[in-house]
Amino acid sequence: MSDLPRKAVTRTAKLAALPLGFAGRTALGLGKRIGGRPAELIATELQQRTAEQLFATLGQLKGGAMKLGQALSVFESALPEQIAGPYRAALTKLQEAAPPMPVKTVHAALAERLGEDWRDLFEEFDDRPAAAASIGQVHRAVWHDGRKVAVKVQYPGAGEALLSDLTQLGRFARLLGPLVPGMDIKPLISELRDRVSEELDYVLEARAQSAHAQEFAGDPDVVVPAVVHQSDQVLVTEWMEGVPLSEVIAEGTQEQRDRAGQLLARFLFSGAARTGLLHADPHPGNFRLLTGDDPDGPPEKWRLGVLDFGTVDRLPQGLPPEIGTALRLTLDGRAEAVHELLREEGFVKPEIELDPGAVLDYLLPIIEPAQAAEFTFTRGWMRAQATRIADPRSPAYQLARQLNLPPAYLLIHRVTMSTIGVLCQLGATVRLREEMEAWVPGFAAADGGAAEEESRETPA
């Protein structure tokens, strides 16, 4: 396979070809319609070709291009079903693998970062990558003390590639908008770009992973591999076997989906509370289900394995209590109090006048999963929310355009929405309110609040 394309002119040319391809296919589709072919069939063909070109390019380039593809992959649940299929197939390819680096490049990177005698650190080292992602790839190995380890090697030139890609992608973010209805992709690209230096720093990643590994050591629900060794661009951690979450999404039983979803929700909220860090890359490729000594045993015994701590949000006090308070006030129907809190926190700018009742009507459908004792996340529910917010004729669309997302909440919002996207891919029934009451400051009302106690299920 080819090495990571590092020259800016090469990467820019490949990315610049994407909008031209989109435009060309649109013109071709118009010609076919004039020729009498059914519009629905043509639209499906165009979507499939667009998906293939877009995600083949993102995967080939790795870097920031693939990082964006992975970030988008968790939102495929929001796509209309008639076009979701081609995207789903192309997106999920980015969740587990990408074209690998040549062996000689891997060896050169290890020699540079670990020393010319790097092989002495290992009893065994597998040159074939076990996984490849946006800025690095992982190899199986056996450490000199006999421990099975994962060796993550950063692609040479990854920093330059990340910045180049995200700058270029930002220039035509508007054309990517139809990929995820209701989502503004430009702020997502800007936020990914702002995190470049952190993503590349394996020293910071090792600290974040070690903090999680220590906190969750012996935990009955969550497993984080311990850090064995790190340098600037090489990170060695304990190896973790497990069933990729993507496999549960693709073919898991309902019982398995529910267990995976519950564990994912538990980690989302408990991780920040217990470590002061929010794992900020929740796409399925970063999670494993550990089945223990009995792979065919009951899913309630499964544990969630968590990988990749390259991007975290530092929240020393856990999630801001204002989030839990706003959610509780919304569930209790206290429109004026919700509006006042949102204005105080900067979600409503001083010059904007909004009807508190309209704000409540906008928020309630979004936080429906927190209303009942159990909630079934479905693609249908996700699509309904996306459609409601993306339709210019909808009051929700008009109100959303007047709300502001303060920078301090940007990453929290993305992580939460990404996790919800994965829960919808799973189709999991989750006791979300239970997790929020346990871990989100300000959410648990002293009297239990006005939330309904019965289980609720959304349409598929």
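It should be emphasised that the depicted structure is a prediction, and the values quoted were computed from it without experimental measurement.

Parameters at a glance
Residues numbered from 1 in each chain as written. Predicted model: local features only at pLDDT ≥ 70, side-chain atom pairs only at ≥ 80, totals over all residues. Heavy atoms only, no water. Helix = DSSP H or I, 4+ residues; strand = E, 2+ residues; numbered from the N terminus. Buried < 20%, exposed > 50% of the residue type's maximum accessible area, 1.4 Å probe, protein only. Contact = heavy atoms within 4.5 Å. Areas by Shrake-Rupley, 256 points an atom, 1.4 Å probe, with all protein chains shown as cover. Pairing = 2+ DSSP bridges. Axes fitted to C-alpha atoms, helices over the stretch in contact; angles between N-to-C directions. Polar contact = N/O pair within 3.5 Å; in protein donor to acceptor, adjacent residues only side chain to side chain. pLDDT = per-residue confidence, 0-100. Salt bridge = Lys/Arg side-chain N within 4 Å of Asp/Glu carboxyl O. Arc of directions from axis to C-beta. Parallel < 35°, antiparallel > 145°, perpendicular 65-115°, else oblique. Left-handed = near helix turned anticlockwise from the far one by under 90°. Nonpolar A, V, L, I, M, F, W, Y, C, P; charged D, E, K, R; others polar. Phe/Tyr/Trp six-rings, centres within 6.5 Å; stacked < 30°, edge-to-face > 60°.

### Things to note about the overall build of the protein chain
Counting its secondary structure elements, the protein chain contains 19 helices and 14 strands. Taken over 460 residues, the protein chain has a buried fraction of 52%. Taking as baseline every contact in the protein chain between residues at least 6 positions apart, the subset at least 24 positions apart corresponds to 73%. Carbon and sulfur atoms form 53% of the exposed surface of the protein chain, whose accessible area is close to 20,200 Å².

### Focus on the sheet that holds strand E10 (residues 303–306)
Reading across the sheet, the four strands line up as E4-E10-E9-E7 and stay open at both edges, with mixed pairing between neighbours. Taken across any chain shown, the strands that pair with only one partner, and hence form the sheet edges, are strand E4 (222–223) and strand E7 (243–244). The pairing of strand E9 (residues 287–290) with E10 spans four bridges and is classified as antiparallel. Each residue of the ladder has a partner; that of leucine 290, found in E10, is arginine 303. Contacts from helix H12 (residues 254–275) reach E4, E9 and E10 within the one sheet, and its direction differs from that of E10 by about 55 degrees.

### Considerations on the side chain of threonine 275
Mapped onto the elements of the fold, threonine 275 is located in helix H12. Of note is the side chain of threonine 275, whose polar atom sits 3.5 Å from the side chain of histidine 212. Polar contacts involving the side chain of threonine 275 include one to the main-chain carbonyl oxygen of glycine 271, which spans 2.7 Å. Threonine 275 has contacts with Ala211, His212, Glu215 and Phe216, leaving out every residue within four places of it along the chain.

### With respect to the confidence of the model for the protein chain
For residues with low pLDDT, the predicted coordinates do not support detailed interpretation. The predicted model of the protein chain averages 80 in pLDDT, with 72% of residues at 70 or higher. Across residues 1–9, where pLDDT falls below 50, the model places 26 contacts with residues more than four positions away in sequence or in other chains. A low-confidence stretch, residues 19–44 stays under pLDDT 50, and its non-local contacts, those more than four residues away or across chains, total 24 contacts.

### Concerning the pattern of salt bridges
By the definition in use, this model includes 20 salt bridges. Its salt-bridge partner being arginine 259, residue aspartate 221 comes within 3.2 Å of it at the nearest N-O pair. Of this pair, aspartate 221 sits in the loop between helix H10 (202–215) and E4 while arginine 259 sits in helix H12, placing them 38 residues apart in sequence. For arginine 259, a relative accessible area of 14% puts it in the buried group.

### Things to note about helix H14 (residues 335–344)
Regarding H14, the residues found buried are Ala335, Val338, His339, Leu341 and Leu342. Viewed end-on, H14 has its buried residues packed into an arc of 165 degrees, placing them on one side of the element. Structural note: H14 exposes Glu336 and Glu344 on the side pointing more than 90 degrees away from its buried face. As for H14, its buried residues are in contact with helix H13 (321–331) and helix H15 (356–366). Just beyond H14, the residue with positive phi is glycine 346, at close to 95 degrees.

### What about the sheet that holds strand E3 (residues 148–154)?
Read from one edge to the other, the open sheet built from five strands follows the order E1-E2-E3-E6-E5, with strand pairing classed as antiparallel. For this open sheet the edge positions go to strand E1 (122–132) and strand E5 (227–230), each flanked by a neighbour on one side alone. For this sheet, the mean angle separating the axes of adjacent strands, direction not counted, is 25 degrees. Sheet contacts for helix H5 (residues 103–114): E1, strand E2 (136–143), E3, E5 and strand E6 (234–238); angle to E1, the most-contacted strand, approximately 125 degrees.

### Concerning the packing of H15 against helix H16 (residues 379–390)
At a minimum axis distance of 10 Å, the contact between H15 and H16 shows a crossing angle of 155 degrees. Classified by the angle between their axes, H15 and H16 sit roughly antiparallel to one another. Viewed along their axes, H15 and H16 form a crossing whose handedness is left-handed. Residues Asp361, Tyr362, Pro365 and Ile366 of H15 lie in contact with H16, whose contacting residues are Trp381, Gln385, Arg388 and Ile389. Broken down by class, the residue content of the contact of H15 with H16 amounts to five nonpolar, one polar and two charged.

### Remarks on the packing of aromatic side chains
Taken as a whole and judged by the stated rule, the model has nine aromatic pairs. Both rings, one in phenylalanine 375 and one in phenylalanine 377, keep their centres 5.0 Å apart while their planes meet at 75 degrees; by these two values the pair is edge-to-face. The exposure classification of phenylalanine 375 matches that of phenylalanine 377, with both residues buried. Taken together, a centroid distance of 6.0 Å and an interplanar angle of 90 degrees make the contact between phenylalanine 377 and tryptophan 381 edge-to-face.

### What about the pairing of E3?
Burial analysis of E3 places six of its seven residues in the buried class, the great majority of the element. By the bridge criterion, seven bridges tie E2 to E3 in an arrangement that is antiparallel. Looking across to E3, one finds that glycine 136 is bridged to glutamine 154. Following E2, the chain reverses through four residues before pairing antiparallel with E3; glycine 146 in that reversal takes a positive phi of roughly 95 degrees. Relative to E6, E3 is paired through five bridges, and the arrangement is antiparallel. Considered in E6, the bridge of lysine 152 is made with leucine 235.

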